[in-house]
Amino acid sequence: MSRRIKVEGPCRICGVHGPLTFDHVPPKRCFNNLPGYYEAAADTLYALDQSGQFPDMNTLIDQRKARKRQGGIGFNSLCGSCNNNTGSWYGNDFAAWVHQSMGILLKANGKPTLIYPTFFFPLRVIKQVITMFLSIDDGHLRTDYPGLSEFVLNKEARFLDKSYKVYAYYNFEGSPRYLPRTYMTNGQSSEIMVLSELTYPPFGFILSLKGAKPAKEVIDISHFSRFAYGDWTDFYQRFPVLPTHLPNVPADYRTRTEIEEAIKTGMAIRQKREAG
């Protein structure tokens, strides 16, 4: 949504109804200020056709269209007070950690294998992550899980509710993911998982609201909430680098080759079914 359009509604964090300001997600200082950023247009990937099939699965990734983003990605979602407060309380320190982590990825050519030291404010980082998840949601995240907004509104508050988990991974390949609350299963049981996912290089984050760990590769950073607001510490981090080639499919980290093979297999099964 354009930042030039005047939008009114309830703030995604405090709930106060009024003018909504444009919130860059992630913050503008996190490399989210460049025009011409291209995002793979897989919006219709899971749009059903009349036969109940997925037509876009019949096109290879390189053949799908792309669309241009100008001036960074964001949403008219926060009141001026919440936008300013979260930006000053958390945004700057989150950006400092992001820049350190991007440096790690660049020096390692996108394939870090060692444990690298970083220095930052863990509580401020995880509060910014929660802020971003609230911002990309439609508002029901605040009303259905009020503990999240309460955690963000009080900058000194510690200890995220144990029923919530925040996971992280490096991302250096694929498309951004801006997925509000989603319901899914792990493919191995009927257990329902409730999660939201946000990916923009150099990081991807998952907010798990219910259910098991959504993917074995991701790393739990929920313990960041145990630190005090003023705690600046060293953190020796080692995150997996996971691709996100399907922007609308949560917790999917298959490589391009794996996706292409799945597409070809699906096409062969479909052709066989139609022929038989």
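Please read these numbers as outputs of a predicted model, since none were measured by experiment.

A word on the overall build of the chain. The secondary structure content of the chain amounts to five helices and 12 strands. Here the contacts in the chain between residues at least 6 apart in sequence split such that 74% fall between residues at least 24 apart. Accessible area of the chain: about 13900 Å², with a carbon and sulfur share of 53%.

Relative to strand β2 (residues 17–24), strand β1 (residues 7–10) runs antiparallel, the two sharing four bridges. The residue of β2 that forms the bridge with P10 is H17. The loop that links β1 with its antiparallel partner β2 comprises six residues; one of these, G15, has a positive phi angle of about 85°.

Let's shift gears to the environment of F133. Examined against the element boundaries, F133 turns out to sit in helix α2 (residues 122–136). If near-sequence neighbours (up to four positions away) are discounted, F133 is found in contact with L141, S196, E197, L198, F205, I206 and L207.

Here we take up the environment of I136. Structurally, I136 can be placed in helix α2. Note on I136: relative accessible area 9%, which makes it buried. In this structure, the C-alpha to C-alpha distance between I136 and R12, residues 124 residues apart in sequence, is 8.5 Å. Filtering out sequence-adjacent residues up to four positions away, I136 remains in contact with V25, F75, Y178, L179, P180, S196 and E197.

Time to look at empty space enclosed by the protein. One pass over the full model with this rule turns up one cavity of 30 Å³ or more. Within this model, the largest cavity holds a volume of roughly 80 Å³. What lines the largest cavity is P26, C30, F94, V98, M132, L198, T199, Y200, P201, P202, F203 and F205. For the lining of the largest cavity, the secondary-structure elements that each account for two or more residues are α1 (80–107), β9 (192–200) and β10 (203–210). Looking at the lining of the largest cavity element by element, the count peaks at three residues for β9. A breakdown of the residues in the lining of the largest cavity according to their chemical character gives 11 nonpolar, one polar and no charged.

Opposite charge on two side chains permits them to pair, given that their charged atoms come into close proximity. Scanning the model with the defined rule gives five salt bridges in all. Between R177 and E197 there is a salt bridge whose closest N-O contact spans 3.3 Å. Placement of the pair is R177 in strand β8 (residues 177–185) and E197 in strand β9, with a sequence separation of 20 residues. Each of the two residues, R177 as well as E197, counts as buried. For R254, the salt bridge goes to D252, with nearest N and O atoms at 2.9 Å. R254 gets classed as partly exposed once you look at its relative accessible area, which sits at 28%. The class of D252 is buried, set by a relative accessible area of 11%.

What follows covers the nonpolar core. Among the nonpolar cores identified, the biggest contains 53 residues, and F94, W97, L148 and F205 are the most heavily contacted of them. Elements supplying a minimum of two residues to this core: α1, β6 (116–120), α2, α4 (146–153), β7 (165–170), β9 and β10. When residues of this core are assigned to their parent elements, the largest contribution, nine residues, is made by α2. Setting aside residues up to four positions removed in sequence, W97 forms contacts with T118, F120, V125, F203, F205, F224, Q237 and F239. Within the second largest apolar cluster, 11 residues are counted, among which are Y167, V218, L242 and A251.

When two helices pack together, their arrangement is given by the angle between their axes and by how far apart the axes lie. Interaxial distance between α1 and α2 falls to 8 Å at its minimum, and their mutual angle equals 110°. Classified by the angle between their axes, α1 and α2 sit roughly perpendicular to one another. Contacts between α1 and α2 involve T86, W89, Y90, G91, D93, F94 and W97 on the former and, on the latter, R124, V125, K127, Q128, V129, T131 and M132. Class assignment of the residues belonging to the contact of α1 with α2 gives a composition of seven nonpolar, four polar and three charged.

Procedures and definitions
Residues numbered from 1 in each chain as written. Predicted model: local features only at pLDDT ≥ 70, side-chain atom pairs only at ≥ 80, totals over all residues. Heavy atoms only, no water. Helix = DSSP H or I, 4+ residues; strand = E, 2+ residues; numbered from the N terminus. Contact = heavy atoms within 4.5 Å. Areas by Shrake-Rupley, 256 points an atom, 1.4 Å probe, with all protein chains shown as cover. Pairing = 2+ DSSP bridges. Buried < 20%, exposed > 50% of the residue type's maximum accessible area, 1.4 Å probe, protein only. 1 Å grid on protein atoms, 1.4 Å probe; cavity = no way out; pocket = protein on both sides within 12 Å on 5 of 7 lines; lining within 4 Å. Points joined across faces, edges and corners; volume = space filled by probe spheres on them. Nonpolar A, V, L, I, M, F, W, Y, C, P; charged D, E, K, R; others polar. Salt bridge = Lys/Arg side-chain N within 4 Å of Asp/Glu carboxyl O. Core = buried A, V, L, I, M, F, W, Y, C linked by side-chain atoms within 4.5 Å. Axes fitted to C-alpha atoms, helices over the stretch in contact; angles between N-to-C directions. Parallel < 35°, antiparallel > 145°, perpendicular 65-115°, else oblique.

Geometry only, nothing functional implied.
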